[in-house]
Amino acid sequence: MSTAMNFGSKSFKPRPPDKGAFPLDHFGECSAFKERFMECLRHSGYESGACRPSAKAYLECRMERQLMANEPLEKLGFKDLIDEKSEGEPEK
Amino acid sequence: VVPGETALAFYKAKNPTDKPVIGISTYNVIPFEAGQYFNKIQCFCFEEQRLNPQEEVDMPVFFYIDPEFAEDPKMAKVDLITLSYTFFEAKEGLKLPLPGYQ
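Right, let's walk through the structure included here. (Residues numbered from 1 in each chain as written. Chains lettered and ligands numbered in written order. Predicted model: local features only at pLDDT ≥ 70, side-chain atom pairs only at ≥ 80, totals over all residues. Heavy atoms only, no water.)

Notes on the pattern of salt bridges
- What the rule picks out here adds up to 10 salt bridges over all chains.
- For B:Asp58, the salt bridge is made with A:Lys34, and the minimal N-O distance between the two is 3.0 Å. One end of the pair, B:Asp58, is in strand β5 (residues 56-65); the other, A:Lys34, is in helix α1 (residues 31-43), on a second chain. Here B:Asp58 and A:Lys34 have matching classes, each one buried. (Salt bridge = Lys/Arg side-chain N within 4 Å of Asp/Glu carboxyl O. Helix = DSSP H or I, 4+ residues; strand = E, 2+ residues; numbered from the N terminus. Buried < 20%, exposed > 50% of the residue type's maximum accessible area, 1.4 Å probe, protein only.)

Examining unusual backbone geometry
- Residue B:Ile30 is joined to B:Pro31 through a cis peptide bond whose omega torsion reads 0°.
- Tracing the backbone through its elements, the reader meets B:Pro31 in the loop between β2 (21-30) and β3 (38-42).
- Its identity is not glycine, yet A:Tyr46 carries a phi of approximately 65°, on the positive side.
- Within the fold, A:Tyr46 resides in the loop between α1 and α2 (52-64).
- On the basis of relative accessibility, which here comes to 53%, the residue A:Tyr46 falls in the exposed class.
- If you check the backbone angles, A:Gln66 has positive phi at about 60° while not being a glycine.
- A relative accessible area of 66% means that A:Gln66 is categorised as exposed.

Here's the deal with the interface of chain A and chain B
- Across the boundary between the two partners, chain A contributes 34 residues, which contact 39 residues of chain B.
- Carbon and sulfur atoms supply 59% of the area buried between chain A and chain B, which totals about 3300 Å² over both sides.
- Taken together, chain A and chain B are joined by one salt bridge.
- Residue assignment for the side of chain A that touches chain B shows that the elements contributing at least two residues are α1 and α2 of chain A.
- Here the element with the most residues in the side of chain A that touches chain B is α2(A); it accounts for five residues. (Contact = heavy atoms within 4.5 Å. Buried area = accessible area lost by both parts, 1.4 Å probe.)

Focus: the state of the cysteines
All names here are of chain A.
- Within the structure shown, the criterion is met by two disulfides over all chains.
- A sulfur-sulfur distance of 2.0 Å marks the disulfide that ties Cys30 to Cys61. Disulfide Cys30-Cys61: the torsion about the S-S bond is -90°, which places it as left-handed. One end of the pair, Cys30, is in the segment before α1; the other, Cys61, is in helix α2, and 31 residues separate them in sequence. The residues Cys30 and Cys61 share a single accessibility class, namely buried.
- Shown here is the disulfide that connects Cys40 with Cys51, its sulfur atoms set 2.0 Å apart. Here the S-S torsion is close to -95°, and the disulfide linking Cys40 with Cys51 is therefore left-handed. Of this pair, Cys40 sits in helix α1 while Cys51 sits in the loop between α1 and α2, and the two are 11 residues apart along the sequence.
- Given a relative accessible area of 19%, Cys40 falls into the buried group. (Disulfide = S-S within 2.5 Å.)

Structural data, given as structure tokens:
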């Protein structure tokens, strides 16, 4: 099994995540949101862009349950979805 | 996944033993050269995570591919990037040399 330990000419340097680690969702509090997101991916042929509203909902679930630090959604790349909302479009 | 667009992915981990396991994971990106464009915003890695006996958890990764990926001629033929994680059991007293993350 390959690991990141290549002592050859190039070395792969793992970088820590920008905003740190997600605590584990031990009680599955956001599992329903995850399922909805996965359903969307399956239906869209795994087009990540098509499922961004579901991804946003999942992250919002985490934030509401202290499973993720609160971060303005615009900073997480969802600015366009927020602008859509404020223009009066109903969210599904 | 489009470069510059944030994306969510899920892994699943299960502890099939009857004892809690404390693990820590690190990742790898293939092809190697694409790794520099892979940016994790948040994930489950690098920190110790505890899995109780028989517990199964979803492990999310929130990331984006640097838009400069699309400008790099070396990446022109790359249309598949694979992200893999290896979950190691944390041993007491062992400190993994995590680059700049303590």
